[in-house]
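# Geometric and topological summary
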Amino acid sequence: MIDLKTFEVWFVTGSQHLYGEETLKKVAGHSQQIAKSLNDDKQIAVRIVFKPTVKSTEEIYAVCQEANTTKNCIGIIAWMHTFSPAKMWIGGLKILQKPIMHLHTQFNRDIPWNSIDMDFMNLNQSAHGDREFGFIMSRMRLNRKVVVGHWQDEEVLSQINAWSRVAAGWHDWQGAKFVRFGDNMRFVAVTDGDKVEAELKFGYSVNTHGIGDLVKVINEISDKETDQLVAEYVEKYAVVATLQKSGAQYNSLREAAKIELGLFAFLKDGNFKGFTDTFEDLHGMVQLPGIAAQRLMGHGYGFAGEGDWKTAALVRAMKVMGSGLKGGNSFMEDYTYHFDPQNQMVLGSHMLEICESIADGKAKCEIHPLGIGGKADPVRLVFNVAGGPALNASVIDMGNRFRLLVNEVEAVAPEHDLPKLPVARVLWKPYPDMKTGCAAWILAGGAHHTCYSQNLTAAHLEDFAEMAGIEYVLIDKDTKIHQLKKELRWSEVYYK
Ligand code: MN
């Protein structure tokens, strides 16, 4: 999986020469201490790197330029310990291409009631120094995250962690390549969109390869590699008898392993971070990739079915953001409803391709016919998903803008066995309630495909939309349809 410790967030403190060397020395010492404490904090997943205090237009410009060109720098945390006249920041902020967090903190947590004097006040003046800095970013219409509180406050640390994870996901998209095997599912609207605009806005590119290019790689996979992967399947999953060595469909399991190895080789060779396929274009493939897509997602690749490149890219970004956290992120589809008035919920699944990272316990490895695609029966992992808080996220192309839509949900542990439904599946209840949640989703144009997350919150995705500079619509406990309709209409004007 993705190691977030390879990424740096720079801790930059602003000041000026007005205060003299003595004060600036203290400022530098305090900043170093804060940066070190953030870097040492166990919950913050990236490295926090101290940068010397910036005191002039030139120094500010230089640090922003350096941040832009430093490969592993994924963002800047800025703090004005004293007062840093903000016209000095215009040039730097104008060229800064990395996400920025404004940490509105103070070195001293408490006012020292008995000893406080004007020297103390002049050193600890972020209460107004940060307001000057806030103004210039508002004046420049810059998106940023504002976090308020003492730097040792648990909530502040958790916000810094969340934002840093999101910055890593955003960084991962820049220059990322996604491959589509075949085009979109014919006639489908919501999964399609403007790939040129996406590359401009999001930084990733999406290109197609004919399925034959992949089939060629699959056919070159050796028997030895195939045997090794089959052995891994048998060890890791509860493989049904027919797929075992003595079983009638053992060759299908070997074929599935070859598909996984071929896909993996293709992705690795082309430096791709994710892929899409479609059941309408499988010429030369023996089966539709089932277990292959499920496991490659488990390794951190983005995936979505039917050519849905926007969701494949989103799955990848969310996997980076959630790296190392308990729970998983998966391609998902709202499939079927349970409209029992006392217990309304959604059954989420796909034909095959739900990521194993969200499985509750050991998955079963099974083989069953697939009604579409006209290929041999595909091997797939079958599992349930545990209850608990989760969310669904979807990126859609509104023509004049992209919209990131998020619905918080409560997953429900399964009460029934579903013996005739041999796919991975999840049950959830949308917030604020089934009818409002679904109506809001429909009104906002959300796709049937989503990324389902167990370990990210709406706050992560809000930060992500800010970094991308796209519209963000949240459906949560407080959503009211009449208010949401107005929000959508007002946003229409904003993005005109
Ligand atoms: Mn689908």
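See above for the structure.
Notes on the structure in this doc start here. In this text the structure is predicted, and so the values were computed from the model without any measurement.

Reading the values: rules and limits
- Residues numbered from 1 in each chain as written.
- Predicted model: local features only at pLDDT ≥ 70, side-chain atom pairs only at ≥ 80, totals over all residues.
- Heavy atoms only, no water.
- Disulfide = S-S within 2.5 Å.
- Buried < 20%, exposed > 50% of the residue type's maximum accessible area, 1.4 Å probe, protein only.
- Pairing = 2+ DSSP bridges.
- Helix = DSSP H or I, 4+ residues; strand = E, 2+ residues; numbered from the N terminus.
- Axes fitted to C-alpha atoms, helices over the stretch in contact; angles between N-to-C directions.
- Contact = heavy atoms within 4.5 Å.
- Parallel < 35°, antiparallel > 145°, perpendicular 65-115°, else oblique.
- Left-handed = near helix turned anticlockwise from the far one by under 90°.
- Donors = N, O, S within 2.8 Å, 3.2 Å for Na, K, Ca; no water.
- Nonpolar A, V, L, I, M, F, W, Y, C, P; charged D, E, K, R; others polar.
- Polar contact = N/O pair within 3.5 Å; in protein donor to acceptor, adjacent residues only side chain to side chain.
- Core = buried A, V, L, I, M, F, W, Y, C linked by side-chain atoms within 4.5 Å.

Next up on the list: the state of the cysteines. As enumerated under the stated definition, the model contains zero disulfides in all. Here Cys365 stays unpaired: no disulfide links it, and the sulfur of Cys355, its closest cysteine neighbor, is 15 Å away. On the basis of relative accessibility, which here comes to 0%, the residue Cys365 falls in the buried class. No disulfide involves Cys451; its sulfur sits 8.9 Å from the nearest other cysteine sulfur, which is in Cys355.

Let us look at the sheet that holds strand E9 (residues 274-276). Spatial ordering of the open sheet is given by E7-E6-E9-E10, a layout of four strands whose pairing is parallel. Looking at which strands have only one partner, the edges of the open sheet turn out to be strand E7 (205-209) and strand E10 (302-304). Between one strand axis and the next, the sheet turns through 20° on average, direction left out of account. As paired strands, E9 and E10 are joined by three bridges and run parallel to one another. Note on E10: the bridge partner recorded for Phe275 is Phe303. Along the sheet, helix H10 (residues 250-269) contacts strand E6 (177-181), E7 and E9; its crossing angle with E6, the most-contacted strand, is approximately 140°.

As a further point, take the packing of helix H6 (residues 154-173) against helix H14 (residues 458-468). In contact at an axis separation of 9 Å, H6 and H14 are set at 45° when each is read in the N-to-C sense. Regarding the angle of H6 to H14, the classification is oblique. Where H6 crosses over H14, the handedness of that crossing is right-handed. Contacts between H6 and H14 involve Ala162, Trp163, Arg165, Val166, Ala167, Gly169, Trp170 and Trp173 from the former and His460, Asp463, Phe464, Met467 and Ala468 from the latter.

Take the coordination of the manganese ion next. Binding of the manganese ion to the protein goes through Glu306 (OE), Glu333 (OE), His350 (NE2) and His449 (NE2), at separations of 2.1 to 2.2 Å. Binding-site remark: the manganese ion is held by donors from one chain whose sequence spacing is E-x26-E-x16-H-x98-H. In this pair, Glu333 is assigned in strand E11 (residues 329-338) and His350 in the loop between strand E12 (345-349) and strand E13 (364-367), connecting sequence segments 17 residues apart. You can call His350 buried: its relative accessible area is 3%.

To continue, consider unusual backbone geometry. Pro432 follows Tyr431 through a cis peptide bond whose omega is 0°. Examined against the element boundaries, Pro432 turns out to sit in the loop between strand E17 (425-430) and helix H13 (434-443).

Attention now moves to the environment of Lys42. With respect to the helices and strands, the residue Lys42 is situated in the loop between helix H1 (21-40) and strand E2 (47-54). Separated by 209 residues in sequence, Lys42 and Asn251 have C-alpha atoms that sit 47 Å apart.

Further remarks concern the packing of helix H9 (residues 223-236) against H10. How two helices sit against one another is set out by the angle between their axes and by the gap between those axes. With their axes 9 Å apart at the nearest point, H9 and H10 run at an angle of 105° to one another. Classified by the angle their axes make, H9 and H10 are roughly perpendicular. Judged by residue contacts, Asp223, Glu225, Thr226, Asp227, Leu229, Val230 and Tyr233 of H9 engage Tyr250, Leu253, Arg254, Ala256, Ala257, Lys258, Glu260 and Leu261 from H10. A class-by-class count of the residues in the contact of H9 with H10 yields eight nonpolar, one polar and six charged.

Below, the discussion takes up the environment of Glu356. Along the chain, Glu356 falls in the loop between E12 and E13. Separated by 41 residues in sequence, Glu356 and Val315 place their C-alpha atoms 13 Å apart. Filtering out sequence-adjacent residues up to four positions away, Glu356 remains in contact with Lys236, Tyr237, Gln294, Arg295, Gly298, Leu381 and Phe383. Polar side-chain contacts of Glu356 include one of 2.7 Å to the side chain of Tyr237.

Turning our attention to the nonpolar core. Taken as a class, soluble globular proteins show a tendency for nonpolar side chains to be buried jointly. One finds Phe202, Tyr204 and Leu404 to be the most contacted residues of the largest nonpolar core, which totals 87 residues. With sequence-adjacent residues up to four places away left out, Tyr204 is seen in contact with Trp173, Ala176, Phe178, Ala198, Glu199, Trp309, Lys310 and Ala313. Judged by nonpolar contacts, the second largest core, of 33 residues, contains Leu261, Met332, Val346 and Ala424.

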